[in-house]
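Architecture at a glance
One letter stands for each residue in the lines below.
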Amino acid sequence: MSTTAPVSQQNAPKRKKVTVRTLRAKKRRGEPITMLTAYDYPSAVAVDRAGVDVILVGDSLGMVVLGYDTTLPVTMDDMIHHCKAVARGAHYPLLVGDMPFMSYQVSVEEAVRNAGRFLQEGGMDAVKLEGGRERIETIRAIVSAGIPVMGHIGLTPQSVNQLGGFRAQGKTAAAAKRLLDDALALQDAGVFSIVLESVPGKLAALISEKLDVPTIGIGAGVGCDGQVLVFHDLLGLFDRFTPRFVKQYAQLHEVIDSALREYVDDVLSRRFPAAEHTVEMKPEEWEALQRLLGE
Ligand code: KIV
């Protein structure tokens, strides 16, 4: 058996694998939880190396990796394919697989079977699914199969057609009360954490205070127990559009565009490949070849 550590673990400081208990303990201590999406091996290695607590293999991959306009076309097979790559690259964060549209809405049995695939085939530690009180029975069944579930309320992108677009939720008193009731019902059903997406900051802070399980905000202000962003948004890799709540820490699409243009120019002008990128035969072998060829 090889004793060599995986590439992503070499030279890494000693860390403990994050579990759902770690997240609860962080909430109790008032320590913010960090979460980021990742969709493939290199992004998983980078996010793991940055010391992030939770990696979400989000169905947002449909938009930022596969080029769809929404997350709706993403399938279970798409998700499992990307989860496997992330699981090969990340070892310390808690790994959460996002259940895609129609993988948990048709029946409770199908939802449990699909949730199981994320752990058995995808190498994930937990699953996430969207929705409030209408998902309680499904969540209870998945949790009782031994699979940790993360909830997701507020702007739930799989319901974009019902919501009438990607818009903030919970802005009236009645809508805010419904979100709070949903959050309490999800906690009661056994979720270990809840994503709050695009909800007013004060409401997110109130929900976070009322819950024992940690909330993870995206476009929900600083009062949540943790924060999540989409990898491509944070790095400026996806230039089609950037939601208002995203902070871009880099504009990598500009770096990539300029590197690719330089490569094309180099090939057209024969500056690449240069001598240092080229393997050569020893002179005596070259001469022997010429003799063989009678030149
Ligand atoms: O799919 C995703 O990336 C998500 C996050 C935005 C929470 O659900």
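Above this text is the structure in question.
This one's a predicted model, so the numbers in the text were calculated from it and none came from an experiment.

Describing the overall build of the chain
Within the chain one finds twelve helices and eight strands. Projecting the C-alpha coordinates of the chain onto the three principal axes gives extents of approximately 90 × 45 × 40 Å. Classification of the 295 residues of the chain by burial places 46% in the buried group. Excluding contacts between residues fewer than 6 apart, the proportion of contacts in the chain whose partners are at least 24 apart in sequence is 59%. When the accessible area of the chain is evaluated, it comes to approximately 16000 Å², of which 54% is carbon and sulfur surface.

Let's talk about a nonpolar patch on the surface
Where nonpolar side chains cluster on the molecular surface, the patch consists of Y263, V264, V267, L268 and F272 and spans about 480 Å² of accessible area. By secondary structure assignment, the location of F272 is in the loop between α11 (252-268) and α12 (283-292).

A closer look at the side chain of R135
Assignment of secondary structure puts R135 in the loop between β4 (126-128) and α6 (136-144). For the buried R135, no salt bridge exists, and the shortest N-O distance to an oppositely charged side chain is 4.6 Å, to E134. Other than its neighbours up to four places away in sequence, R135 contacts Y104, Q105, L129 and E130.

Brief notes about the site of the ligand
Close contacts around the ligand come from T37, L56, G58, D59, S60, D98, K128, H152, V195, I218 and V230, and that covers them all. With respect to the ligand, the side chain of D98 contributes an N or O atom lying 3.1 Å from an oxygen atom. A distance of 3.0 Å is found between an oxygen atom of the ligand and a side-chain nitrogen or oxygen belonging to K128. Considered on its own, the ligand offers 260 Å² of accessible surface; in the complex 95% of this is hidden by protein.

A short note on the sheet that holds strand β8 (residues 226-229)
With parallel pairing, eight strands are arranged side by side around a closed barrel as β1-β2-β3-β4-β5-β6-β7-β8. Pairwise comparison of adjacent strand axes, ignoring direction, gives a mean angle of 25° for this sheet. Across four bridges, the pairing between strand β1 (residues 33-37) and β8 is parallel. Across the sheet, residue T34 finds its bridge partner in β8, namely Q227. Against the sheet, helix α8 (residues 173-189) contacts β5 (149-154) and β6 (193-197), and its axis sits at roughly 175° relative to β5.

Looking at the side chain of H152
Tracing the backbone shows H152 in strand β5. Given the relative accessible area of 4%, H152 is considered buried. Within polar-contact distance, the side chain of H152 engages the backbone oxygen of L155 at 3.3 Å. Dropping the residues within four chain positions of it, H152 is found in contact with K128, L129, E130, G131, P157, L186, I194, V195 and E197.

Points about the layout of surface pockets
Approximately 740 Å³ is the volume attributed to the largest pocket. Lining the largest pocket are 32 residues, with L155, E197, I218, P243 and F245 sitting closest to its centre. For the lining of the largest pocket, the secondary structure elements donating two or more residues are β1, α3 (61-64) and β6. Among the residues making up the lining of the largest pocket, the classes are represented as 16 nonpolar, seven polar and nine charged.

Looking at unusual backbone geometry
The omega torsion of the bond from F272 to P273 falls at 0°, within 30 degrees of zero and hence cis. Considering the arrangement of structural elements, one finds P273 in the loop between α11 and α12. Phi is positive for M102, close to 75°, though the residue is something other than glycine. Summarising the element assignment, M102 is placed in the loop between β3 (94-98) and α5 (108-120). Its identity is not glycine, yet S198 carries a phi of approximately 50°, on the positive side. For S198, the location among the structural elements is in the loop between β6 and α9 (201-210). S198 gets classed as buried once you look at its relative accessible area, which sits at 9%.

Basis of the calculations
- Residues numbered from 1 in each chain as written.
- Predicted model: local features only at pLDDT ≥ 70, side-chain atom pairs only at ≥ 80, totals over all residues.
- Heavy atoms only, no water.
- Helix = DSSP H or I, 4+ residues; strand = E, 2+ residues; numbered from the N terminus.
- Buried < 20%, exposed > 50% of the residue type's maximum accessible area, 1.4 Å probe, protein only.
- Contact = heavy atoms within 4.5 Å.
- Areas by Shrake-Rupley, 256 points an atom, 1.4 Å probe, with all protein chains shown as cover.
- Patch = residues over 30% accessible without salt bridge, like charges linked within 9 Å, V, L, I, M, F, W, Y side chains within 5 Å.
- Salt bridge = Lys/Arg side-chain N within 4 Å of Asp/Glu carboxyl O.
- Lys, Arg positive; Asp, Glu negative; His and termini not counted.
- Near = heavy atom within 4 Å.
- Polar contact = N/O pair within 3.5 Å; in protein donor to acceptor, adjacent residues only side chain to side chain.
- Pairing = 2+ DSSP bridges.
- Axes fitted to C-alpha atoms, helices over the stretch in contact; angles between N-to-C directions.
- 1 Å grid on protein atoms, 1.4 Å probe; cavity = no way out; pocket = protein on both sides within 12 Å on 5 of 7 lines; lining within 4 Å.
- Points joined across faces, edges and corners; volume = space filled by probe spheres on them.
- Nonpolar A, V, L, I, M, F, W, Y, C, P; charged D, E, K, R; others polar.

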